[in-house]
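Residue strings, one per chain:
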Amino acid sequence: SFTILFERSEERVKTIIEDAAKKNARAGSLEQKIGDFYASYLDVEAINAAGLAPAADDLARIDAAQTIEDVARVMSSPGIATNAPIRAFVDVDSGQPDRYILYFVQAGLGMPNRDYYLDEKFADKRPKYRDYIAQILTLAEIDGAQEKAQAIFDLETRIAEVHWDRAKQRNRDLTYNLKSLDELQAFAPHAPWRIMLDAAGVGGESEFVVREDDAIANLARILAETPVETWKAYMTFHLLNARADVLPSAFDEANFAFFGTELQGTPKQRERWKRGVAAVNSALGEGVGKIYVERHFPADSKRQMDELVANLRTA
């Protein structure tokens, strides 16, 4: 039943998006943004013709990094789609649920989790991942692609070695470590925390939850000890990897061949329109949702859901 509902809602969202793309919508309106985004995503011919030009500014920003502080500043900036060994997100404070707070979490891997780098059952995936990294760098015409791919893979393996396993990550007590900024700096002094917070636009925050605490302290050390050139190669690869679906087809096909077919066993890429619907939902989901509710969720449906939830709470 959930698959049926998903397929139905996907078709409805497709209609909403296609209608938006066909209309001569008012500039700046939701319909114009949705329609332009979807049309751009489907225009593979234009994507191929543009080459790496749309990524040029981000690639130049990565290439300009000279120090670890520069690297941390780029990694922490929300406007650039690269990876980082320590990531942040905002959520309800699970220890004080009447407020939101910034969480720091372990990150930085290209494959799904640490087991892919360390467990023997995934040994055959590791050289294929290294080859995939080299393939992406080669497609981008980056010098020394093979050597840089090896350095990136070695770095990610080192990151994986200090990551918590998935079972430990699910322990709600171990993953709640409330710290002030001074405590955070004392706990993991190798990371330039103030620079990272300012770059992320949250420099005014004073308290944080550190989830995988000793892992994050070790990741801060790895951040400081790894050569800047290795980080630049790492960020370049992850930027291209994250945006492969809107780069020329060779990037998109290479990405699916590894992550879709090799890791997940999926023989065929989803239709471009379905991926376009997902991309629009990811970037403009609130806007699509507003139109969806107007068309497909009448007031009576909301009344029924409110009643159902009230009954559940009473029970």
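Quick note: structure is the one above.
Sequence order as written defines residue numbering, which begins from 1 separately in each chain. It should be noted that, the model being predicted, local features are given only for residues of pLDDT at least 70 and side-chain atom pairs only at 80 or more, the latter also being counted only at that level, while totals for whole chains, interfaces and linings use all residues. Each side-chain value is derived from all of the structure's non-hydrogen atoms; neither hydrogens nor water enter the calculation.

K.L.:
What is the right way to look at the nonpolar core in this model?
P.N.:
Soluble globular proteins: nonpolar side chains tend toward being buried together. Within the largest apolar cluster, 63 residues are counted, with the highest numbers of intra-cluster contacts made by Phe104, Tyr129, Trp193 and Trp231. Counting residues per element, this core draws most heavily on helix α13 (residues 228–242), at eight residues. Residue contacts are defined here by distance: any two heavy atoms, one from each residue, within 4.5 Å place the two residues in contact. Setting aside residues up to four positions removed in sequence, tryptophan 231 forms contacts with Ile68, Val71, Met75, Pro85, Leu155, Ile159, Ile222, Leu223 and Thr226. Of all hydrophobic cores here, the second largest spans twelve residues; its members include Ile16, Ile17, Tyr38 and Val288. Nine residue types can take part in a nonpolar core, namely buried Ala, Val, Leu, Ile, Met, Phe, Trp, Tyr and Cys, and a core is a set of them joined through side-chain atoms within 4.5 Å. Throughout, exposure labels follow a simple rule: accessible area from a 1.4 Å probe, protein chains only, divided by the maximum for the residue type, with under 20% read as buried, over 50% as exposed, and the rest as partly exposed. Starting at the N terminus, helices and strands are each numbered in turn, a helix being any DSSP run of H or I of at least four residues and a strand any DSSP run of E of at least two.

K.L.:
Mind showing me how you'd approach the packing of aromatic side chains here?
P.N.:
Describing an aromatic ring pair means giving the distance of the ring centres and the angle of the ring planes. To pair, rings of Phe, Tyr and Trp, with the six-membered ring standing in for Trp, must have centres within 6.5 Å; the planes then decide the type, stacked if under 30 degrees apart, edge-to-face if over 60, and tilted in the middle. Using the criterion set out here, one finds 14 aromatic pairs in the structure. Both rings, one in phenylalanine 89 and one in tyrosine 103, keep their centres 5.1 Å apart while their planes meet at 0 degrees; by these two values the pair is stacked. Within this pair, whereas phenylalanine 89 is found in strand β1 (residues 86–92), its partner tyrosine 103 is found in strand β2 (residues 100–106), the two being separated by 14 residues in sequence. The exposure class of tyrosine 103 is buried, given its relative accessible area of 5%. On the numbers, 5.0 Å between centres and 85 degrees between planes, the contact of phenylalanine 258 with phenylalanine 259 is edge-to-face. Like phenylalanine 258, the residue phenylalanine 259 is buried in the burial classification. In this structure an aromatic cluster arises from ring pairing among Tyr117, Tyr129, Tyr132, Phe153, Phe237, Phe258 and Phe259. Taking NZ or CZ as reference, lysine 168 lies 4.2 Å from the ring centre of tryptophan 164, over its face. Over the aromatic face of tyrosine 41 sits the side chain of arginine 272, whose NZ or CZ is 4.0 Å from the ring centroid. Our definition puts a charge over a ring when NZ of Lys or CZ of Arg is within 6 Å of the ring centre and also within 35 degrees of the ring normal.

K.L.:
So what exactly am I meant to see when it comes to helix α2 (residues 30–42) here?
P.N.:
Because an α-helix packs 3.6 residues into every turn, residues spaced three or four apart end up facing the same way. Expected helix span is computed as 1.5 Å times (number of residues minus one). If you check α2, its first and last C-alpha atoms are 18 Å apart, about what 13 residues at 1.5 Å a residue would give, namely 18 Å. Looking at α2, one finds that the buried residues are Ile34, Gly35, Tyr38 and Tyr41. Axial view of α2: buried residues confined to an arc of 135 degrees, hence all on one face. Each element contacted by the buried residues of α2 is listed here: α1 (2–22), α3 (44–50) and α15 (272–296). Directions are taken from the helix axis to each C-beta atom, and the arc is the one they span.

K.L.:
For this particular structure, what's the right way to read the packing of helix α7 (residues 125–139) against helix α14 (residues 249–262)?
P.N.:
How two helices pack is summed up by the angle between their axes together with the distance between the axes. Lines fitted to C-alpha atoms define the axes, with helix axes restricted to the stretch in contact, and inter-axis angles between N-to-C directions lie between 0 and 180 degrees. One can describe the packing of α7 onto α14 by two numbers: an axis separation of 10 Å at closest approach and a directional angle of 170 degrees. If you check the angle between α7 and α14, you find them roughly antiparallel. Across from Lys125, Lys128, Tyr129, Tyr132, Gln135, Ile136 and Leu139 in α7, the residues of α14 making contact are Ala250, Phe251, Ala254, Asn255, Phe258, Phe259 and Glu262. Here the contact of α7 with α14 is composed, by residue class, of nine nonpolar, two polar and three charged. Angles below 35 degrees are treated as roughly parallel, those above 145 as roughly antiparallel, those between 65 and 115 as roughly perpendicular, and all remaining angles as oblique. Each residue gets one of three labels, nonpolar for Ala, Val, Leu, Ile, Met, Phe, Trp, Tyr, Cys and Pro, charged for Asp, Glu, Lys and Arg, and polar for the others, Gly among them.

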